[in-house]
Amino acid sequence: ATGRTLIRELASHLDGTVTVHGWIDTLRLQRRMQFVLVRDHTGLVQLAHRRGGEGDPIEAVLDTVTVESAVRITGKVLANPQVRLGGLEIVPERVEVLAAAESGLPIDERAGLDQRLDWRFLDLRRPSRRLVFEVQSTVERAMRAVAAEGGFTELHTPKLMGAASESGAEVFPVEYFGRTAYLAQSPQFYKQMAIAGGIDRVFEIGPVFRAEPSFTSRHATEFTGVDVEMAWVDGVEEVMEFEERMLRRVLAEVHAEHGERIAELLGAEVVVPKAPFPRITLADAMARLRAGGWDPEGTAVDLDPAGERALAALAAEESGHEFVFVTEYPAGVRPFYHHRPPGRPEVTASFDLLWKGVEITTGAQREHRYEVLCAQAREKGMELGPLARYLDCFRYGTPPHGGFGLGLARLLMLLLGLPSIREATFLFRGPHRLEP
Ligand code: AMO
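Predicted model, so just to flag it, every value in this text is computed and none were measured.

Section: the overall build of the chain
Counting secondary structure elements, the chain contains eleven helices and 16 strands. For the chain, the spread of C-alpha atoms along the principal axes amounts to about 90 × 55 × 45 Å. Within the chain, the proportion of its 436 residues that are buried is 34%. When contacts within the chain are restricted to residue pairs at least 6 apart in sequence, those whose partners lie at least 24 apart make up 62%.

This is the structure in structure tokens:
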């Protein structure tokens, strides 16, 4: 046979001759028989070779091949009820080592996370690690489908900027032809600019950079952001409803495509949430948590991680829901571009979405009136000069609009029950990790 047969398709080639491409997974070399497990991205199969003695080229190769070598095997597929892997095995007729692995792998099952990330490509050869990115692919596909149905246009905004896009402190400067550029902390300004440009609804899945010296399980210095912005909204509720629709679709598709393997390989259950998700104002949430014994340090104006977990527990108890929208954050803890509801300058028309007690999204209706926007920036002590290009977008008739930003790795971490976004990122970037 020429071509390539995937291991998961072997059952349909019973008694036929196939060629399998994969890696040596396990060697069990016995006195009479050589048993070798070969792995490709779809599964494992056993090779069974009876030693032929001197002059048997297959015997010689299998005696010397190392684990994780890349091989090509041609042989006959035979039923063998004693074999646990699908009740079949391959009797090899030809074994080629395409690239030998050095002996003594740098990581094994006991390796810690840092070692694993140092050798990420070897770590990814385990099916449970790769499943994360198969799921990520489904997540993005579902998001794009919902966005397309909702009339969204997908954009790619610049990641090199002349001024910081969110707060100034968390920005990476880059030497740029004799001046300083900054890596984008968010597509925030550009997605709003697109709205000003008459693109009715925009979304982007792209890199976001944060110079945060954080070492928590939920922070990276570079991550993939999912950003949404919608024109002509009546209020922030419309934005929240769109996010509900998107997440329900994402989880339904992940459940249908990967639910069983997620349970089997990662022990996590994918629950498709009902709409609407519960909603609570930040003030109500804090009052209820305080009454329940939550006691943050200092004069808290926002939820700390312990408060977020406690609120999730409360919402789960009352509504059986894993998600909760927290709304109406005080103006003091939100960016200047958040809209404030009429007559209530102390709060913003904004929300965070918590899932299983972790923030996965920040969103808001934006302030679309130039004068008000300038006043809110000034109130925050910001200089208008560096913001001029952004503020210009509001001088010529920009519709009311709102949107949100979602961290893809956080979503995956919570979806798959992973302990950290390091495991939900192909190649993690943190303060101490720029390699590989
Ligand atoms: P925010 O700063 O809350 O909002 O970011 C949006 C979402 O991005 C994720 N996130 C992170 N993920 C990994 N590592 C980090 N260091 C990190 N920081 C944030 C979180 C978060 O909810 N412009 C606004 C969004 C908007 O209003 O549209 C913004 O950037 O999941």
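Now that the structure has been shown, we can carry on.
Comments concerning the sheet that holds strand β7 (residues 160–161)
Pairing is antiparallel in the open sheet, where three strands are placed in the order β7-β9-β8. Looking at the sheet topology across the chains shown, the edges are occupied by β7 and β8 (173–176). Relative to strand β9 (residues 179–183), β8 runs antiparallel, the two sharing four bridges. By the bridge assignment, Tyr176 is partnered in β9 with Arg179.

A closer look at the UniProt feature "binding site: ATP" (unreviewed entry) in the chain
Per the UniProt record, "binding site: ATP" (unreviewed entry) is annotated on Arg210, Ala211, Glu212, Glu359, Gly407, Leu408, Ala409 and Arg410. With respect to the secondary-structure elements, Gly407 resides in strand β16 (residues 401–407). Note that Leu408 resides in helix α11 (residues 408–416).

Here's the deal with the domain arrangement of the chain
Splitting the chain by domain gives domain 1 (7–99) and domain 2 (120–424). Relative placement of domain 1 and domain 2: their C-alpha centres are 48 Å apart.

Examining the sheet that holds strand β12 (residues 279–281)
Taken in spatial order, the eight strands of this open sheet run β6-β10-β11-β16-β15-β14-β13-β12, and their pairing is mixed. Bordering the open sheet on either side are β6 (153–154) and β12, each of which pairs with just one other strand. Direction of pairing for strand β15 (residues 358–365) relative to β16: antiparallel, over a ladder of five bridges. Opposite Thr361, over in β16, you have Leu406 as the bridge partner. Across the sheet, α11 lies against β11 (222–231), β14 (350–355), β15 and β16, angled at about 55° from β16, the strand it touches most.

Considerations on the UniProt feature "binding site: L-aspartate" (unreviewed entry) in the chain
In this structure's numbering, the residues bearing the UniProt feature "binding site: L-aspartate" (unreviewed entry) are Glu166, Arg210, Thr362 and Arg366. In this structure, Arg210 sits in the loop between β10 (201–209) and β11. According to the C-beta neighbour criterion, Arg210 is buried, with 21 such atoms within 10 Å. In contact with Arg210, other than residues within four places in its own chain, are Glu170, Gln185 and Thr221. Among the secondary structure elements, Thr362 is positioned in strand β15. The contacts of Thr362, once residues within four sequence positions are left out, are Asp352, Phe404 and Gly405.

Brief notes about the environment of Val358
With respect to the element layout, Val358 can be found in strand β15. By the C-beta count within 10 Å, which is 19 here, Val358 ends up partly exposed.

Remarks on unusual backbone geometry
Between Ala275 and the following residue, Pro276, the backbone shows a cis peptide bond with an omega angle of -5°. Within the secondary structure, Pro276 is located in the loop between α6 (236–266) and β12. At Glu68, a position not held by glycine, the phi torsion is positive, near 80°. For Glu68, the location among the structural elements is in the loop between α1 (57–64) and β4 (70–79). At Phe177, a residue that is not glycine, the phi angle is positive and equals roughly 45°. Here Phe177 lies in the loop between β8 and β9.

How each quantity is defined
- Residues numbered from 1 in each chain as written.
- Predicted model: local features only at pLDDT ≥ 70, side-chain atom pairs only at ≥ 80, totals over all residues.
- Helix = DSSP H or I, 4+ residues; strand = E, 2+ residues; numbered from the N terminus.
- Buried ≥ 20, exposed ≤ 12 C-beta atoms within 10 Å, placed from the backbone.
- Contact = placed C-beta atoms within 7 Å.
- Pairing = 2+ DSSP bridges.
- UniProt positions renumbered as here; feature names shortened; annotations may be inferred.
- Domains from an automatic or database assignment.
- Axes fitted to C-alpha atoms, helices over the stretch in contact; angles between N-to-C directions.

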